[in-house]
Amino acid sequence: MTNLPLEIIQRQLSDLGFRPENMRFVTVSAMSPEQLEACTAQQDECFYNSYMNVIYGKGERYVLGFRCEDPIVDHAIIRVGDQYFDPTLQANGNFESYQFAVLTEFTVFDMMKHAKSNKDFPPDLDYLLSKKSKFKNIIAAN
């Protein structure tokens, strides 16, 4: 996975209708083998995995945003303390730290509340765009 220059990431985010100037960029690190073993990590199911890991206390926040690769990819990860982890990608092996553009973070309560109004599916990019008035700090007005 290649880390892109910030200008390219910001342009891609702007092209998708987001406000990159209001977003944080964080580094996603590898979890310890013990942490990873305790996590839900179904292949190619980052939204479900992150959702379940926060519900079961393996993460403190459900983090929605973009992996900073070319092109950027919408993705969900977890936050524990001040560190960000991606059990979905890490479980696939050969994990390398990468940059992540944070759209928003949800506590377990907020995540479950949003999932309830999203047909029990964890909040994803489509959900965020459908609720753009609540997320106008990161979604540009059209």
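Residues numbered from 1 in each chain as written. Predicted model: local features only at pLDDT ≥ 70, side-chain atom pairs only at ≥ 80, totals over all residues. Heavy atoms only, no water.

Next up on the list: unusual backbone geometry. Of note, the bond from D70 into P71 is cis; its omega dihedral lies within 30 degrees of zero at 0 degrees. Here P71 lies in the loop between β2 (61–67) and β3 (73–80). Positive phi is not limited to glycine here, since D44 has a value of about 60 degrees. A positive phi is found at N94, a non-glycine position, where the angle reads about 50 degrees. Mapped onto the elements, N94 comes out in the loop between α4 (87–91) and β5 (98–106). (Helix = DSSP H or I, 4+ residues; strand = E, 2+ residues; numbered from the N terminus.)

Buried within helix α5 (residues 108–116) are the following residues: M111, H114 and A115. Summarising the axial view, the buried residues of α5 lie within an arc of 100 degrees, below the 170-degree limit, and thus occupy one face. In α5, those exposed residues whose orientation departs by more than 90 degrees from the buried face are F109 and K116. Against α3 (46–55), β2, β5 and α6 (125–130) lie the buried residues of α5. (Buried < 20%, exposed > 50% of the residue type's maximum accessible area, 1.4 Å probe, protein only. Arc of directions from axis to C-beta. Contact = heavy atoms within 4.5 Å.)

A few words on the side chain of T88. Tracing the sequence through the fold places T88 in helix α4. Since its relative accessible area comes to 3%, T88 is described here as buried. A distance of 2.8 Å separates polar atoms of two side chains, one belonging to T88 and the other to N49. The contact partners of T88, leaving out residues within four places of it in the chain, are Q42, D44, E45, C46 and N49. (Polar contact = N/O pair within 3.5 Å; in protein donor to acceptor, adjacent residues only side chain to side chain.)

Here the focus is the confidence of the model for the protein chain. Summary statistics for the protein chain give a mean pLDDT of 91 and a share of 96% for residues scoring 70 or more. Of all helices and strands in the protein chain, the one with the weakest mean pLDDT is α5 (85), whereas strand β4 (residues 83–85) scores best (98). (pLDDT = per-residue confidence, 0-100.)

One closed barrel accounts for 5 strands, arranged β1-β4-β3-β2-β5; its pairing is mixed. Put simply, the sheet's adjacent strands are angled 50 degrees from each other on average, direction ignored. Relative to β5, strand β1 (residues 24–29) runs antiparallel, the two being bridged by 5 bridges. Residue pairing across strands places V26 opposite F100, the latter belonging to β5. Packing of α3 onto the sheet brings it into contact with β2 and β3, and relative to β3 it is tilted by some 15 degrees. (Pairing = 2+ DSSP bridges. Axes fitted to C-alpha atoms, helices over the stretch in contact; angles between N-to-C directions.)

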